[in-house]
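Residue-level listing of the chains:
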Amino acid sequence: QYYADINNKDYSDAYSIWGSAYHKSTSSYQFAKGFDNTKSVSINSNSEGVTILNDGTVRVPLTITSITTSGSGTASHTYQGYYIVGMENEVWHLLSANIH
């Protein structure tokens, strides 16, 4: 849903998927500005690599491909890493990310 929201430019809903720690460090305006040049985003996640951690959170590895536009044209970028997903107030949220 997160990437569907980003592709639909529904940054408010995408931002709401992040947990409270992220909201404390990044405003919704800063979050949305980070996608100014993003045309589309897709993900590929390998469910076999998903790991339940000792604290009950879940590590989800993935590959992200984004298409960006700039004055010089369109470019494709590929990133790899993982999200840590966990419960806050009985709702699943993205808690952190390590993506390069």
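For the structure itself, consult the block above.
J.: Describe the overall build of the protein chain, naming the residues involved and giving the relevant values.
T.: Looking only at helices and strands, the protein chain features 4 helices and 5 strands. Secondary structure elements in the protein chain, listed N-terminal to C-terminal, are α-α-α-α-β-β-β-β-β. With the C-alpha coordinates aligned to their principal axes, the bounding extent of the protein chain is approximately 45 × 30 × 20 Å. The buried share of the protein chain, taken over its 100 residues, is 31%. Within the protein chain, counting contacts between residues at least 6 apart in sequence, those at least 24 apart form 36% of the total.

J.: Kindly report on the layout of surface pockets, identifying the contributing residues and their values.
T.: One number sums up the size of the largest pocket: a volume of about 210 Å³. Taken together, 14 residues line the largest pocket, and the ones lying closest to its centre are Tyr3, Phe35, Val41, Ile64 and Tyr79. If you list the elements that add at least two residues to the lining of the largest pocket, you get helix H1 (2-7), strand S1 (38-45), strand S3 (58-70), strand S4 (73-88) and strand S5 (91-99). For the lining of the largest pocket, the residue count by class is 11 nonpolar, 3 polar and no charged.

J.: Please provide a residue-by-residue account of the side chain of serine 66, values included.
T.: Mapped onto the elements of the fold, serine 66 is located in strand S3. Judged by relative accessible area, serine 66 falls into the buried class, the value being 8%. With near-sequence residues (within four places) excluded, serine 66 lies in contact with Ser40, Val41, Ala75, Ser76, His77 and Tyr79.

J.: Outline the environment of serine 16, supporting the account with residue identities and numerical values.
T.: Following the sequence through the fold, serine 16 ends up in helix H2 (residues 11-16). We classify serine 16 as partly exposed; its relative accessible area is 37%. Excluding anything up to four places from it in sequence, serine 16 contacts His23 and His93.

J.: I'd like to hear about the environment of threonine 78, residue by residue, with values.
T.: Looking at the secondary structure, you find threonine 78 in strand S4. For threonine 78, a relative accessible area of 54% corresponds to the exposed category. Distance from threonine 78 to threonine 63, taken between C-alpha atoms, is 7.0 Å for residues 15 residues apart in sequence. When residues no more than four places from it in sequence are discounted, the contact partners of threonine 78 are Thr63, Ile64, Thr65 and His100.

J.: Got a sec to walk through the pairing of S5? Specific residues and values, please.
T.: In the sheet, S4 pairs with S5 via 8 bridges, with the strands oriented antiparallel. By the bridge assignment, methionine 87 is partnered in S5 with tryptophan 92. Between S4 and S5, which pair antiparallel and follow one another directly, the connecting turn spans 2 residues, one of which, asparagine 89, has a positive phi of 55 degrees.

About the thresholds
Residues numbered from 1 in each chain as written. Predicted model: local features only at pLDDT ≥ 70, side-chain atom pairs only at ≥ 80, totals over all residues. Heavy atoms only, no water. Helix = DSSP H or I, 4+ residues; strand = E, 2+ residues; numbered from the N terminus. Buried < 20%, exposed > 50% of the residue type's maximum accessible area, 1.4 Å probe, protein only. Contact = heavy atoms within 4.5 Å. 1 Å grid on protein atoms, 1.4 Å probe; cavity = no way out; pocket = protein on both sides within 12 Å on 5 of 7 lines; lining within 4 Å. Points joined across faces, edges and corners; volume = space filled by probe spheres on them. Nonpolar A, V, L, I, M, F, W, Y, C, P; charged D, E, K, R; others polar. Pairing = 2+ DSSP bridges.

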